[in-house]
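Given next are the chains, with one letter for each unit.
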Amino acid sequence: MQREGYALQEFIQDVDGIVRGYPSESEILPHLKLVLEKLLSSSASVPATAFTPRKDKFAMNLLQMPEDEAYSIIGGVWHPGQTTPIHDHLTWALIGVYEGEEREALFRRTDDGSSPKLAKIQQVSEGVHKKGHVTVLGHTGIHRVDNISLKPTLSVHVYGRDIGNAERHSYNPVTGEIGKFVSGYCNVLRDTERF
């Protein structure tokens with residue numbers, strides 16, 4: 001009997017094999033993009049619990065992270081009007097639209113990166129992405145994502161580290177100020193100190 005679709009558990013196994021099977025970001029990313037596209041195109045491949053929303057902000061629900069924190073897989077939920085600041089991940093990232101649509105703006109730093117408190121950034125593109133679209137960002141990627149539609153948008157993210165507990169940067173395009181933040185996970189309680 002042939003199985004239909006491509007389930008989340010199969011995707012997780014494939015992600016683990018790819019992350020551990022290739023030595024560099026440039027080899028990992030194209031392989032992960034293919035399996036994420038496969039997941040997004042399979043109907044009902046991700047359980048609804050992966051997309052538990054929050055009313056106050058974008059929800060990041062941890063779906064999988066191995067003990068060595070080599071990667072993390074997130075279920076994201078955007079309500080209409082919700083947005084992120086302009087931010088980085090300090091690792092590679094893939095963001096796939098599972099349902100709905102999102103607007104994404106990509107940025108790059110135009111300064112030499114020597115100041116830890118100030119940055120000059122320039123927007124290089126902006127687009128509206130629908131179901132099945134995958135954005136691939138290298139470790140220097142900077143973007144902003146928001147939901148400009150009238151219904152929730154669901155997305156699946158894969159990062160090259162424990163993204164919820166990582167200190168990252170936000171960027172103010174007017175003042176140049178670099179902020180620091182830790183996003184956390186909406187579905188995981190954590191201690192204030194890491195062990």
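Residues numbered from 1 in each chain as written. Predicted model: local features only at pLDDT ≥ 70, side-chain atom pairs only at ≥ 80, totals over all residues. Heavy atoms only, no water.

Undergrad: Explain the overall build of the protein to me, using residue names and the numbers behind them.
TA: Counting its regular elements, the protein contains 2 helices and 11 strands. Along the protein, helices and strands appear, N-terminal first, in the series α-α-β-β-β-β-β-β-β-β-β-β-β. Compactness check: the protein gives a C-alpha radius of gyration of 17 Å against a globular reference of 16 Å for 195 residues, within 12% of the reference. Projecting the C-alpha coordinates of the protein onto the three principal axes gives extents of approximately 60 × 40 × 35 Å. Taken over 195 residues, the protein has a buried fraction of 44%. A separation of at least 24 residues holds for 73% of the contacts in the protein among residues at least 6 apart in sequence. Per element, the accessible surface of the protein, about 10,600 Å² overall, is 52% carbon and sulfur. Of note, the protein has its 21 positive side-chain charges centred 5 Å away from the centre of its 25 negative side-chain charges. (Helix = DSSP H or I, 4+ residues; strand = E, 2+ residues; numbered from the N terminus. Rg over C-alpha atoms; globule rule 2.2 N^0.38 Å. Buried < 20%, exposed > 50% of the residue type's maximum accessible area, 1.4 Å probe, protein only. Contact = heavy atoms within 4.5 Å. Areas by Shrake-Rupley, 256 points an atom, 1.4 Å probe, with all protein chains shown as cover. Lys, Arg positive; Asp, Glu negative; His and termini not counted. Charge placed at Lys NZ, Arg CZ, Asp CG, Glu CD.)

Undergrad: How would you summarise the side chain of Thr153 if you had to cite specific residues and measurements?
TA: Position of Thr153 among the secondary structure elements: in strand β9 (residues 153–159). Residue classification places Thr153 among the buried residues on the basis of a relative accessible area of 0%. A distance of 2.5 Å separates the side chain of Thr153 from the backbone oxygen of Glu101, its partner in a polar contact. In contact with Thr153, other than residues within four places in its own chain, are Gly76, Val77, Trp78, Val97, Glu99, Gly100, Glu101, Glu102 and Asn147. (Polar contact = N/O pair within 3.5 Å; in protein donor to acceptor, adjacent residues only side chain to side chain.)

Undergrad: So what's going on with the side chain of His129? Residues and values would help.
TA: Position of His129 among the secondary structure elements: in strand β6 (residues 121–130). Among the polar contacts made by the side chain of His129, one reaches the side chain of Glu104 at a distance of 3.1 Å. For His129, the side chain forms a polar contact with the side chain of His133, separated by 3.4 Å. Once you skip the residues sitting within four places of it in the chain, His129 turns out to touch Val97, Gly100, Glu101, Glu102, Glu104 and Thr135.

Undergrad: Account for the sheet that holds β6, with residues named and values stated.
TA: The strand order across the open sheet built from 6 strands is β6-β5-β8-β3-β10-β11, with neighbouring strands paired in antiparallel fashion. Single-partner strands in this sheet number two, and they are β6 and β11 (178–181). Each strand of the sheet is rotated relative to its neighbour by a mean of 30°, with strand direction disregarded. Relative to β11, strand β10 (residues 168–171) is paired through 4 bridges, and the arrangement is antiparallel. Looking across to β11, one finds that Arg168 is bridged to Phe181. (Pairing = 2+ DSSP bridges. Axes fitted to C-alpha atoms, helices over the stretch in contact; angles between N-to-C directions.)

Undergrad: Give a description of the packing of helix α1 (residues 8–21) against helix α2 (residues 25–41) that names residues and reports values.
TA: Following both chains from N to C, one finds α1 and α2 inclined at 175°, their axes separated by 10 Å at the closest point. Judged by the inter-axis angle, α1 sits roughly antiparallel to α2. In this structure, α1 contributes Leu8, Phe11, Asp14, Val15, Ile18 and Val19 to the contact, and α2 contributes Ile28, His31, Leu32, Val35, Leu36 and Leu39. Looking at the contact of α1 with α2, its residues break down into 10 nonpolar, 1 polar and 1 charged. (Parallel < 35°, antiparallel > 145°, perpendicular 65-115°, else oblique. Nonpolar A, V, L, I, M, F, W, Y, C, P; charged D, E, K, R; others polar.)

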